[in-house]
Amino acid sequence: MYPFIARRLLATIPVLVIVAVLVFLLLRITPGDPAAILAGDAASTEQIEGIRKTLGLDQPLPVQFGIWALQMVQGDLGESYYYKVRVTQLIAQRIEATFSLALVTIVVAVLISVPLGVIAAWRFGGWFDRFLMGFSVFGFSVPVFIVGYLLVWLVSLKLGWLPVQGYKRIDAGLWPWIQHLVLPAITLSVIYIALIARVTRASVLEALGEDYIRTARAKGLPESKVLVKHALANAAVPIATVIGIGIALLIGGVVVTESVYAIPGLGRLTVDAVLARDFPTIQGLILFFSLIYVGVNLLVDLSYVVFDPRIRY
Amino acid sequence: MAATDADRYAALSVESADVRPQETAWQRVRRNLSVRIGGVVLVLLLAVAALAPWLGTVDPTMFDAGSRDLPPGAKGEMLTLDGEVIKHRFHFGSDSLGRDIYSRVIYGTRVSLFVGVVAALVSLLLGVFCGLTAGYLRWLDGILMRVMDGIMAIPAILIAIALVAMWRASLVTVIIAIAIPEIPRVARLVRSLVLTIREEPYVEAATSLGTPTWKIMLGHILPNTIAPLVVMGTFIAASAILIEAILSFLGVGLPPDIPTWGNIMAEGRIAFVQFPHNIFIPGIFLTITVLAVNILGDGLRDTLDPKMAKRI
């Protein structure tokens, strides 16, 4: 198993290098002088010259990439010209809110969508199945911010059950933290539930057609055990895969959701950085999010060994 | 006189009316309920987009200081650029600048549909090019697909936001920024199809006859990828419409003077507590449009490319 983990880790390196090259080129394919863009609209000529020196922008492109990549590998994402602090510090300040939101969303989404998918597959073609498939298409189609504003309007403004916007850190108490996360997490989980439920249904449906299910039923196993221990267990690999792939949707959703609920997290930071044309921060955030995405999918790949003992590497 | 094939099939299908062996793919598509529902809604939306000036709208960019923040259904007046005062009924109310939201929503249909269709076409075109190249020119395969993996490792909205930020938003840059993150999925699909199709006997036959590579690619392989590509293009159009609205909503998309659903909603955020309809009305249009495109895509997938249902 260890050689497999090592090989899988090595395989992510080329992907990360390509991501780094793409993020690096993003600024270089922009019309205009990268030093002037990085310095921002209000910079003096000396400041621009200073940036040109430190980033080696007078050097050939591969050398520039080398300098930049070396900084990134050392965990230095540069300095935000808008906030005037290190980008790593900006990310550290805002990661708690985003991480809380993402974690609650994933937990909520998996706990809801997997049982729904199993039931739909079990009652294939029935009203529940059709309802879930309908919801799933709807979940893919309704924009995240519409769900968000609908919930704010209904639950917070009309019913007054929950606070409208904002975020409370977890050290301010568990209850306020949960109160502020309920609506954003529901908002964000709609598309995720649609995705996971669909894949769960399809893979459980496939498993239910196998011979071992008939055997399990024939030997008199209760239906719940057949569904969970035999059908769901054998459908675990595609479900884990889609949870990993869905992280990309989740990151996109975080950007929108944090904007709707005024949560001071990484998603809000991304939008603010784009509006301020704060390029070091944009670059740093894209790299950071991509690293998380690649990392989660690496973990998902490694989890196959646990879920499916047949897989040997 | 020998009976024609169609007669024989007709005789066979007496017992099982649902089996229609001579049915072409196009007929199967037209019979599909999802295709019909999605298609009808989209035709209606296309009609709205085309007929926008004749649907009781005023210039969607025109604002009237005297008719700000009106509730839906309010009657009022608007001062046109010619200095004329016209009576106008604000079906969906007006925004904080005194622009007619009904007119903006109706004209917004044009932008959304245009962005959806063009972004889908752009990403299909570039994706097909990359996929065919990777599938047929093996020496380019490795590097090209690694680049695609790299693009896929960055969440789509982030790529779109970053590109728009770099280029400053306009219709062209927004469409390209939305299309680029979709290219890898098209390229992967085309590549995998090419790798299967190139092993088919008829490709082997063409190769043995000395047909040049580009002729095999365009004449034998590309036609076989059309059905799955139509399906994928539909789904890309749906997500392109969504992403365009998200970009505008976040304030990084098309310039605010262009009436798009996202821009109307972005404007409506300021006064959301008093006037929630500024967000909900364009939101309903947006949801119905994306839903219609997705339902159409589901129907096309089931009829044109049943294998893809398993692939997803």
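Residues numbered from 1 in each chain as written. Chains lettered and ligands numbered in written order. Predicted model: local features only at pLDDT ≥ 70, side-chain atom pairs only at ≥ 80, totals over all residues. Heavy atoms only, no water.

### Details of the overall build of chain A
A tally of helices and strands in chain A yields 13 helices and zero strands. Starting at the N terminus, the α and β elements of chain A follow one another as α-α-α-α-α-α-α-α-α-α-α-α-α. Each principal axis of the C-alpha distribution contributes one length, and for chain A these read about 80 × 55 × 35 Å. Here chain A holds 313 residues, and the buried ones make up 50% of them. Partitioning the intrachain contacts of chain A with sequence separation of at least 6 by distance along the chain shows that 70% fall at a separation of at least 24. (Helix = DSSP H or I, 4+ residues; strand = E, 2+ residues; numbered from the N terminus. Buried < 20%, exposed > 50% of the residue type's maximum accessible area, 1.4 Å probe, protein only. Contact = heavy atoms within 4.5 Å.)

### Focus: the environment of B:Arg110
All names here are of chain B. For Arg110, the location among the structural elements is in helix 4 (residues 101-136). Residue classification places Arg110 among the partly exposed residues on the basis of a relative accessible area of 35%. Sequence separation between Arg110 and Val290 is 180 residues, and the spatial gap between their C-alpha atoms is 14 Å. For Arg110, the contacting residues outside a window of four places in its chain are Ala49, Ala50, Ala52 and Pro53.

### Topic: the domain arrangement of chain A
Residues and elements named next belong to chain A. Examined at the domain level, chain A breaks down into domain 1 (2-73) and domain 2 (90-307). A separation of 32 Å is found between the C-alpha centroids of domain 1 and domain 2. Tallying the contact residues gives 17 residues for domain 1 and 14 residues for domain 2. Of the roughly 1400 Å² buried at the junction of domain 1 and domain 2 (both faces included), carbon and sulfur atoms supply 80%. Together, Arg8, Leu16 and Val23 form the three largest contributors to the area buried by domain 1 at its contact with domain 2, with a combined 31%. Counting every contact that joins domain 1 to domain 2 gives one salt bridge. We note a salt bridge from Arg8 to Asp301, for which the minimum N-O separation is 2.5 Å. Our enumeration of links across domain 1 and domain 2 arrives at two residue pairs in polar contact (both at pLDDT 80 or more). (Domains from an automatic or database assignment. Buried area = accessible area lost by both parts, 1.4 Å probe. Salt bridge = Lys/Arg side-chain N within 4 Å of Asp/Glu carboxyl O. Polar contact = N/O pair within 3.5 Å; in protein donor to acceptor, adjacent residues only side chain to side chain.)

### Section: the interface of chain B and chain A
Contacts between the two partners involve 41 residues from chain B, matched on the other side by 44 residues from chain A. Taking both partners together, chain B and chain A bury about 3700 Å²; carbon and sulfur atoms supply 79% of that area. Taken together, the connections running from chain B to chain A amount to one salt bridge. Where A:Arg198 meets B:Asp298, a salt bridge forms, and the shortest distance between an N and an O atom there is 3.5 Å. The interface formed by chain B and chain A holds three residue pairs in polar contact (both at pLDDT 80 or more) in total.

### What about the packing of aromatic side chains?
Per the stated rule, a full pass over the model turns up nine aromatic pairs over all chains. Taken together, a centroid distance of 5.1 Å and an interplanar angle of 75 degrees make the contact between A:Phe24 and A:Phe65 edge-to-face. You can see A:Phe24 sitting in helix 1 (residues 2-28) and its partner A:Phe65 sitting in helix 4 (residues 61-73), a full 41 residues away along the chain. For A:Phe24, a relative accessible area of 3% gives the class buried. When its relative accessible area of 21% is taken as the criterion, A:Phe65 is described as partly exposed. Between A:Tyr149 and B:Phe249, the ring centres sit 6.1 Å apart and the planes meet at 75 degrees, which makes this aromatic pair edge-to-face. Of this pair, A:Tyr149 sits in helix 7 (residues 144-158) while B:Phe249 sits in helix 10 (residues 213-250), on two different chains. Owing to a relative accessible area of 4%, A:Tyr149 belongs among the buried residues under this scheme. Feature note: the residues A:Phe24, A:Phe65 and A:Trp68 constitute an aromatic cluster, connected by ring pairs. (Phe/Tyr/Trp six-rings, centres within 6.5 Å; stacked < 30°, edge-to-face > 60°.)

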